[in-house]
Amino acid sequence: MLENFLWGIATAANQLEGAWNEDGKGPSTADILYDGTAGEYPKELKVYPDKYYSYHLGSDFYHRYKQDIQLFNEMGIKCYRMSIAWSRIFPTGEGEPNKKGIEFYNNVFKELKKYNIIPIVTLSHYEMPLELVKKYGGWKNRKLISLYEKYAKTVIDKFHDLVPYWITFNEMNFISTIPFCAGGLWFDNNESEADKNKAMFQGAHHQFVAGAWVVDYVHNNYPELKVGCMVCGTFSYANSCKPQDAWDQINCDRETFYYTDTFVRGHYPKYAKSFLREKGVTLKIEEGDLEQISKGKVDFIAMSYYFTRVAPINPNNDAYLTNNERMLGKIKNPYLKVSQWGWVIDPVGLRIALNKLYDRYELPILIAENGLGAHDTLTADGKIHDDYRKEFLEAHIKEVKKASDIDGVDVLGYTSWSGIDLVSATSAQISKRYGQIYVDYDDDGHGTGNRIKKDSFYWYKRIIESNASEI
Ligand code: BG6
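Predicted, not measured: the structure shown is a model, and the values here were computed from it. (Residues numbered from 1 in each chain as written. Predicted model: local features only at pLDDT ≥ 70, side-chain atom pairs only at ≥ 80, totals over all residues. Heavy atoms only, no water.)

Asks: When you look at the overall build of the protein in this model, what are you seeing that I'm missing?
Replies: Within the protein one finds 16 helices and 13 strands. Here the C-alpha atoms of the protein give a radius of gyration of 21 Å, agreeing with the 23 Å that 2.2 N^0.38 yields for 471 residues. Taken along the three principal axes of its C-alpha coordinates, the protein extends 60 × 55 × 50 Å. Within the span of the protein, comprising 471 residues, buried residues form 62% of the whole. Partitioning the intrachain contacts of the protein with sequence separation of at least 6 by distance along the chain shows that 76% fall at a separation of at least 24. In the structure as shown, the protein presents an accessible area of about 18400 Å², 49% of it carried by carbon and sulfur atoms. (Helix = DSSP H or I, 4+ residues; strand = E, 2+ residues; numbered from the N terminus. Rg over C-alpha atoms; globule rule 2.2 N^0.38 Å. Buried < 20%, exposed > 50% of the residue type's maximum accessible area, 1.4 Å probe, protein only. Contact = heavy atoms within 4.5 Å. Areas by Shrake-Rupley, 256 points an atom, 1.4 Å probe, with all protein chains shown as cover.)

Asks: For this particular structure, what's the right way to read the pairing of strand β7 (residues 300–304)?
Replies: The two faces of the sheet receive side chains in turn, since in a regular strand these alternate between them. With five of its five residues buried, β7 lies for the most part within the structure. Residue alternation in β7 divides its side chains into two sets, Phe300, Ala302 and Ser304 and Ile301 and Met303, and both sets are buried. In the sheet, β7 pairs with strand β9 (residues 365–369) via four bridges, with the strands oriented parallel. Its bridge partner being in β9, Ser304 is matched across the sheet by Glu369. (Pairing = 2+ DSSP bridges.)

Asks: Explain the layout of surface pockets here, please?
Replies: Summary: where empty space remains is shown by rolling a probe the size of a single water molecule over the atoms. Computed from the structure, the largest pocket encloses a volume of approximately 1600 Å³. Every element with two or more residues in the lining of the largest pocket is listed here: α8 (179–183), α9 (193–221), α10 (243–265), α11 (272–278) and α13 (323–328). Tallied by class, the residues present in the lining of the largest pocket amount to 20 nonpolar, 13 polar and 13 charged. Of the voids in this model, the second largest pocket is the one considered here, and its volume is about 340 Å³. Residue lining of the second largest pocket: 16 residues in total, with Tyr268, Pro269, Ala272, Lys273 and Ile285 positioned closest to the centre. Among the elements that take part in the lining of the second largest pocket, α11 stands out by supplying four residues, more than any other. In terms of residue class, the lining of the second largest pocket is built from 10 nonpolar, three polar and three charged. (1 Å grid on protein atoms, 1.4 Å probe; cavity = no way out; pocket = protein on both sides within 12 Å on 5 of 7 lines; lining within 4 Å. Points joined across faces, edges and corners; volume = space filled by probe spheres on them. Nonpolar A, V, L, I, M, F, W, Y, C, P; charged D, E, K, R; others polar.)

Asks: Teacher, can you tell me more about the sheet that holds strand β11 (residues 419–420) here?
Replies: In a beta sheet, neighbouring strands pair by backbone hydrogen bonds and run either parallel or antiparallel. With mixed pairing, the three strands of this open sheet are ordered in space as β11-β12-β13. Only two strands of the sheet have a single neighbouring strand rather than two, namely β11 and β13 (451–453). Here β11 pairs with strand β12 (residues 435–439) via two bridges, running parallel. Within β12, the residue paired with Ile420 across the bridge is Ile437.

Asks: Hey, could you run me through the side chain of Thr29 in this one?
Replies: For Thr29, the location among the structural elements is in the loop between α1 (13–16) and α2 (54–57). If we ignore the near neighbours within four places in the chain, the residues touching Thr29 are Tyr126, Glu127, Met128, Leu130, Val133, Phe180 and Gly184.

Asks: Would you explain the site of the ligand in this entry?
Replies: In the vicinity of the ligand, 14 residues are found, and the nearest of them are Gln15, Glu171, Thr426, Lys432 and Tyr434. Residue Lys432 places a side-chain N or O atom 2.7 Å away from an oxygen atom belonging to the ligand. One of the side-chain N or O atoms of Tyr434 is found 2.5 Å from an oxygen atom in the ligand. Here the ligand loses 96% of its free accessible area of 380 Å² to cover by the protein chains. With respect to the detected pockets, the ligand is housed in the largest cavity. Taken together, the residues that form the shell around the ligand break down as six nonpolar, five polar and three charged. (Near = heavy atom within 4 Å. Polar contact = N/O pair within 3.5 Å; in protein donor to acceptor, adjacent residues only side chain to side chain. Sits in = over half its atoms within 2 Å of the grid points.)

Asks: Whenever I open this one, the sheet that holds strand β10 (residues 411–417) confuses me. Can you help?
Replies: The eight strands lie next to each other as β1-β2-β3-β4-β5-β7-β9-β10, forming a closed barrel whose pairing is parallel. On average, each strand axis in the sheet is inclined to that of its neighbour by 25°, with strand direction left out of account. Pairing of strand β4 (residues 165–169) with strand β5 (residues 226–232) involves three bridges; the strand directions are parallel. Within β5, the position partnered with Ile167 by the bridge is Gly228. Of the strands in this sheet, β2 (79–83) and β3 (118–124) touch helix α5 (residues 99–114), which is tilted by about 170° from β2. Against the sheet, helix α15 (residues 387–406) makes contact with β1 (6–10), β9 and β10, and its axis sits at roughly 170° relative to β10, the strand it touches most. (Axes fitted to C-alpha atoms, helices over the stretch in contact; angles between N-to-C directions.)

Asks: In this structure, what is going on with the side chain of Ser416? I would like to understand it.
Replies: Its location among the elements puts Ser416 in strand β10. Ignoring anything within four residues of it in the chain, the contact list for Ser416 reads Gly8, Ile9, Ala10, Asn370, Leu393, Gln436 and Tyr460.

Asks: I tried to follow the pattern of salt bridges on my own but got confused; where do I start?
Replies: Side chains that carry opposite charge are capable of pairing whenever their charged atoms lie near each other. This structure, assessed with the given rule, holds 29 salt bridges. Notably, a salt bridge pairs Arg88 with Glu17, separated by 2.9 Å at the nearest N-O pair. Residue Arg88 is found in helix α4 (residues 86–89), and its partner Glu17 is found in the loop between α1 and α2; the two are separated by 71 residues along the sequence. Considered together, Arg88 and Glu17 belong to a single accessibility category, that of buried residues. (Salt bridge = Lys/Arg side-chain N within 4 Å of Asp/Glu carboxyl O.)

Asks: Looking at this model, I keep getting lost on the packing of aromatic side chains. Mind explaining?
Replies: What characterises a pair of aromatic rings is the spacing of the ring centres plus the angle enclosed by the ring planes. Within this structure, the stated rule accounts for 41 aromatic pairs. Aromatic side chains Tyr165 and Phe300 sit 5.9 Å apart centroid to centroid with 85° between the ring planes, which places their arrangement in the edge-to-face category. In this pair, Tyr165 is assigned in strand β4 and Phe300 in strand β7, connecting sequence segments 135 residues apart. A single burial state applies to Tyr165 and to Phe300, both of which are buried. (Phe/Tyr/Trp six-rings, centres within 6.5 Å; stacked < 30°, edge-to-face > 60°.)

Asks: Could you clarify how one ought to interpret empty space enclosed by the protein in this entry?
Replies: Per the stated rule, a full pass over the model turns up eight cavities of 30 Å³ or more. A volume near 220 Å³ is recorded for the largest cavity. Quantified by volume, the second largest cavity comes out at close to 90 Å³. Every residue lining the second largest cavity is counted, 13 residues in all, and those nearest its centre are Ser124, Phe169, Cys181, Ala182 and Gln207. In terms of residue class, the lining of the second largest cavity is made up of eight nonpolar, three polar and two charged.

This is how it looks when you write it as structure tokens:
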């Protein structure tokens with residue numbers, strides 16, 4: 001592992017901060033999801049008074065960030081991947097920036113600087129002003145390009161001397177898996193599959209143009225900073241050695257490569273034509289779009305890694321798949337165990353994903369998320385013995401070491417999800433715990449919110465101190 005390897009943790013504003021309507025923050029897409037991104041969606045774009053919304057409280061980082069960052073420092077992290085809530089800076093997505101929102105992030109970055117913790121900031125992590133969905137229909141509308149650029153410019157100009165690494169969109173490839181949280185695309189299920197596909201891939205096109213603008217803007221104005229794209233590294237295995245299965249696997253991986261190919265090479269891949277045609281999509285590309293994309297080649301690739309899948313995702317072409325099935329795939333891998341939430345546990349798959357991306361692009365890769373969501377038990381003496389989490393992280397970090405030290409992959413860093421417990425994106429439960437720091441809230445928001453160091457806290461601290469030399 002490199003000497004200056006970026007060991008850290010990763011979180012997202014909408015899952016951690018809480019304070020959903022404080023100090024001028026506007027409602028975001030996440031704020032209306034009571035059941036998470038894989039669960040039931042509300043019928044209307046609003047907050048129902050009789051429902052409980054765990055994102056509204058999050059882990060209350062907004063009020064406790066000083067104590068939390070002090071704990072992060074005690075854990076020894078070198079970097080902190082976090083996101084800025086767009087709806088905290090531009091409450092409706094338009095108009096003037098919210099001073100209080102800027103002040104909050106300024107305070108957070110200054111606090112991080114106090115401990116020499118390097119921020120890596122995602123501009124849009126499964127969150128955007130809800131008003132932009134109501135008014136424009138989210139990213140399918142090209143109006144979003146200029147509004148996102150204005151937001152990005154505002155925070156980059158303000159924080160360029162405090163934040164050296166920026167990521168444009170979280171898990172951009174998931175716009176076609178969970179389109180509402182990744183793209184603000186709201187479907188009432190009267191749309192045909194082709195109409196949904198059109199909205200999703202047109203939305204992705206607008207994100208490519210906007211993301212490329214950010215890269216170009218930063219390169220021209222702040223050349224010392226680095227900008228990356230991010231995907232969920234859900235690569236797949238072929239179901240067997242049948243040639244057709246191998247072909248299905250290539251197509252399944254293209255659901256991820258479509259995004260990295262475009263952001264890294266600065267143009268759509270050749271297969272984009274057939275890939276989109278099969279989905280019934282013809283993109284509306286305006287003059288200047290492709291040129292803009294060509295100017296926005298990223299400096300690094302960020303990848304989250306949780307599970308692998310078996311291709312194809314939908315083997316029997318079922319007309320309807322749940323959000324979970326679309327994300328995890330329908331074919332089970334008989335060689336792998338699953339987590340308490342049914343997510344396949346596959347450490348070797350991480351080495352494979354790193355190699356696939358590096359072979360293709362030879363760009364530095366940040367493992368921007370990796371972790372185990374599990375129920376934790378607080379013992380009578382106030383401890384959490386989470387050996388399962390240590391085992392999970394250790395097994396994955398071992399594979400990162402192999403990718404780095406044996407295979408020669410340029411791994412920039414590893415930010416474990418989530419360092420501190422926060423609300424799950426797919427299930428909206430805080431009881432799906434990922435942190436090395438326990439947060440005393442339950443799924444209904446009861447509890448003190450106190451922070452408790454889990455056994456994995458001390459373990460991760462040792463890993464960082466030793467640069468993983470002991471495993
Ligand atoms: C990633 C997301 O896909 O998975 C995070 O970027 C999310 O926002 C993480 O929290 C884990 O998923 P979940 O649903 O268990 O919280």
